[in-house]
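# Structural characterization, general
Next come the chains, spelled out residue by residue.
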Amino acid sequence: MDEGGSRIRRRVSLPKRKRPSLGCIFVVPTAAELERGDEKKEEEMVAENRRRKTAGVIPVEVQPYLLSDSPDCLFLGGGDTNPDLLRRMPTDRGMGYQHNDSEEDMFGDYDSFTENSFIAAAEDLEQKYMQLPELRKHATDFATENVCSESIKNKLSVTPIGNFTELQTDKHTENQSGYEDVTVEPGADLLYDVPSSQAMYFENLQNSSNDLGDQFMKERAWKSSSHNTVNEELPHNYIEQPQQNDESSSKVRTSSDMNRRTSIKDHLKSAMTGNAKAQTPVFSRSKQLKETLLSEEINVAKKTIESSSNDLGPFYSLPSKVRDLYVQLKGIEKLYEWQHTCLTLKSVQERKNLIYSLPTSGGKTLVAEILMLQELLCSRKDVLMILPYVAIVQEKLHMIGEGSRGAILEMTLAKILYTSKTTQIIGMSATLNNVEDLQKFLQAEYYTSQFRPVELKEYLKINDTIYEIDSKAENGMTFSRFLNYKYSDTLKKMDPDHLVALVTEVIPNYSCLVFCPSKKNCENVAEMICKFLSKEYLKHKEKEKCEVINNLKNIGNGNLCPVLKRTIPFGVAYHHSGLTSDERKLLEEAYSTGVLCLFTCTSTLAAGVNLPARRVILRAPYVAMEFLKRNQYKQMIGRAGRAGIDTIGESILILQEKDKQQVLELITRPLENCYSRLVQEFTKGIQTLFLSLIGLKIATNLDDIYCFMNGTFFGVQQKILLKEKSLWEITVESLRYLTEKGLLQKDTICKSEEEVQHNFHITQLGRASFKGTIDLAYCDILYRDLKKGLEGLVLESLLHLTYLTTPYDLVSQCNPDWMIYFRQFSQLSPAEQNVAAILGVSESFIGKKASGQAIRKKVDKDVVNRLYLSFVLYSLLKETNIWTVSEKFNMPRGYVQNLLTGAASFSSCVLHFCEELEEFWVYRALLVELTKKLTYCVKAELIPLMEVTGVLEGRAKQLYSAGYKSLMHLANANPEVLIRTIDHLSRRQAKQIVSSAKMLLHEKAEALQEEVEELLRLPSDFPGVVASSTDKA
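A brief structural summary. (Residues numbered from 1 in each chain as written. Predicted model: local features only at pLDDT ≥ 70, side-chain atom pairs only at ≥ 80, totals over all residues. Heavy atoms only, no water.)

## What about the packing of helix H18 (residues 542-555) against helix H20 (residues 581-592)?
Their axes nearest at 10 Å, the elements H18 and H20 cross at an angle of 165°. Considering the angle they form, H18 stands roughly antiparallel to H20. For the pair H18 and H20, the sense of crossing is right-handed. Every residue of H20 that contacts H18 at Val548, Asn551, Leu552 and Ile555 is listed here: Asp582, Glu583, Leu586, Leu587 and Ala590. The class makeup of the residues in the contact of H18 with H20 is six nonpolar, one polar and two charged. (Axes fitted to C-alpha atoms, helices over the stretch in contact; angles between N-to-C directions. Helix = DSSP H or I, 4+ residues; strand = E, 2+ residues; numbered from the N terminus. Parallel < 35°, antiparallel > 145°, perpendicular 65-115°, else oblique. Left-handed = near helix turned anticlockwise from the far one by under 90°. Contact = heavy atoms within 4.5 Å. Nonpolar A, V, L, I, M, F, W, Y, C, P; charged D, E, K, R; others polar.)

## Notes on a negative patch on the surface
A contiguous patch of negative charge on the surface is contributed by Glu1003, Glu1006, Glu1010 and Glu1013. As for its placement among the helices and strands, Glu1003 is situated in helix H43 (residues 987-1016). On the accessibility criterion, Glu1003 (42% relative accessible area) is partly exposed. (Patch = residues over 30% accessible without salt bridge, like charges linked within 9 Å, V, L, I, M, F, W, Y side chains within 5 Å. Areas by Shrake-Rupley, 256 points an atom, 1.4 Å probe, with all protein chains shown as cover. Salt bridge = Lys/Arg side-chain N within 4 Å of Asp/Glu carboxyl O. Lys, Arg positive; Asp, Glu negative; His and termini not counted. Charge placed at Lys NZ, Arg CZ, Asp CG, Glu CD. Buried < 20%, exposed > 50% of the residue type's maximum accessible area, 1.4 Å probe, protein only.)

## Here's the deal with the packing of helix H35 (residues 861-879) against helix H37 (residues 893-915)
When two helices pack together, their arrangement is captured by the angle between the axes and the distance separating the axes. Running from N to C, H35 and H37 point in directions that differ by 95°, and their axes come no closer than 10 Å. When the axes of H35 and H37 are compared, the pair comes out roughly perpendicular. Listed contacts from H37 to Arg866, Leu869, Val872, Leu873 and Leu876 of H35 are Tyr895, Val896, Leu899, Leu900, Ala903 and Phe906. Here the residues of the contact of H35 with H37 sort into ten nonpolar, no polar and one charged.

## So, the sheet that holds strand E10 (residues 477-482)
The strand order across the open sheet built from eight strands is E10-E9-E8-E17-E14-E11-E13-E12, with neighbouring strands paired in mixed fashion. The open sheet is flanked by E10 and strand E12 (572-575), the only strands paired with a single partner. Within the sheet, the average angular offset between the axes of one strand and its neighbour, ignoring direction, is 25°. Relative to strand E13 (residues 598-601), strand E11 (residues 512-515) runs parallel, the two being bridged by four bridges. Each bridged residue has a counterpart across the sheet, and for Val514 the counterpart in E13 is Thr600. Running over the sheet, helix H22 (residues 630-637) touches strand E8 (455-462), strand E9 (465-469), E11, strand E14 (615-618) and strand E17 (648-655) and is turned about 145° from E14. (Pairing = 2+ DSSP bridges.)

This is the structure:
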């Protein structure tokens, strides 16, 4: 090899760690090299220049973090790879090779560790490299640039890599030298298979190194042009200033240069020897391939995330994995044509607001899910889903016209529209008529279709004749068939509507829903049908039905409804609000899986639960005492026909001859219009809206509030809804009412002689009502009750506090059983009777009501009824068993549970109300504990266990008895031990309990850590802090 020829220098460190590492050297020719005269003079200058640079550099060991994104890099494997082999990444990329400045071998006469050593391999590569004519002719001595970062943190500043297979030179150097890039193709054995773990580690640091690499490239270009090459980013005292190129100075430093080079050599020898002795993990070829594939997937994902495009894949801009999950989990292999059309609408792609309307069971929910996933995954933005019913998985936009629920929905949407111009609103509904008003309100596009996945046929039944509804027929219906079912005299009396005949045509192989006018009628119809079903029905899925009954007993602490006990063996059950939420959930699951084939239910199931059936029967054209509305009718019959299961759906409306004309009008009339309830629901509507607008400072003066009102659904419909007063007058009156009630305060500002501005701000009482979300109809009553309670709060029992947190809105629905009331009253302790006396309810009054005697003394009916509900809640807190309390007060257990849930929610509201009013400080600690008790309704020792997901009262008792008495116990539990210890606990449930406990424990630890950090943080108002920050600014 020529004396002046360049050699590839090895600066490596192979650490004794399993963390993957990649070594990097980046070298470029200096400008001095490109300006040489004759060859001899060039060699002398190069040698002198090289010694001068080496003298000022302290040897630095390359650490495991030595990674580079530079297009001109040599990576030397370390950590989890053989230190004697130089390998190539198992991808389509190769590695580029660079020159080193030193003419001497850093390792002196130390050749190799093994026959196929790293150094020997590098020497072979060097020989191949130097045999190229162009390089041999123009061989030069390149200066070394050690690329390292902060010396303390052992990280390196590097330059971006492009194609590893190409040997490239810096553009600045290339322009001066005129040399072309030369591609080197090393042998396959030499550069084979850098572990994929290194590739992954490299990919992880690629982004962070890009910026540092850009800075390094600029510095390198500057240094090259000034004939100086130094270590980039070394500490200041490690970098020696360039010196004059004179012979005397070089002689003085010769000894020092040799010593430093020797120290580098010893240092690197020691590092390589130590790492060669380290144990090397053995990875299988298949595992390496898997890691490589994972690395590539991560790389693609990272590039996708960094891309400005929102298109993440082939499934409506979502990854194909989403499509695969729909196939795997829901069996959805292909979307309906309307779904594809809706998802590809221009308005959807441009993120405009959209309303889409289709019949029930048309597949609206799937479109909503895909749109939400697009927002979450592609746009990486948050999604808020509004659910008018707890059990519904979709937004029922037509609910905007129904009571207080509609007013709340309208207020929420109006605030979003007013405050955010970038939020997209998607509304979906099965039943819409005056959609133009909603379009204007939501500023939305509209899409509709009459698609149904299963054909629906509608029938009417009068006596024993069935007619098919036909809009083309003269009277709207045509004869279909007679009922062919032999009825005994007893059956005719018991079942005059032929329900048994209608349901037995379908069950047990298909499912059926029977809608009844009332809850009591649901139970009676279920029992009646079972009385006349044959014994064959008992054999259908007998084992599964027994399991349903056992599960119902477990969630009821051994209690089981006698009606369900008789009907479930036949595959029949009732479904209404009298069931507890756990019972409803269990029965719905049994119905969905086909264990139960018949539900007798109220109209709430049509609006609240997605449970389709082959046949839907309407017991009568009434809901309670009111005649059926077109919207309600469409909702009920919309449950007929199950996509993917049934080929047809049927609905049968049973009617008497007297109702025939009304029913014919019902089935032909258009859907009812949807109207705003904002003003009709006065305290829950417009007053609450104004208080929140001012409390949130969305709109605080009269003009802004009026402007806001014009943008509401009510504002859109004001010409229809307002006959006597204008919107301006209603706005002014509502603000005046809130001001007179002490919730708002008005400030008048005179801008000029002619212009006056009315500003409003919220009072302390108003803020308490706003923060506590108290119905404004009751906020002054609540304040008065709490104030009176301070005069003589009875704390010997929880009765007084329970009364104060009993919801006001449930009082009007209460009809006390006076005998039960008197019995409970007579069992009160003296302290509890004192509570009743403070409230103004005497035992003699209750006794007279129970005996039916006339009462002359006037007593507040609302207080009496509220105290009765308080007795129910108080009994629940003492006995913690809904079934026992339900029987004691002769109330449906579902109603008792709703009362408990409402009380827990209202207790939390009262707590927030009191937190805003200093005078009620005494209630704060008391209400925190009471809210917990009402929320879980178990004994105090079980409350910590009830916080864990999947742990209800029965399970909490099992865990407590087994010794798991705290959250820490559950977090540290072994799921396998839990399975053996706790009866009827599956492996999935055990893992869920443990993981949930760990998560809760972690959250509590984080909260405590934040509290600690807050305590240790320097106060923002600390003397001198503000001043110093101001000075810095």
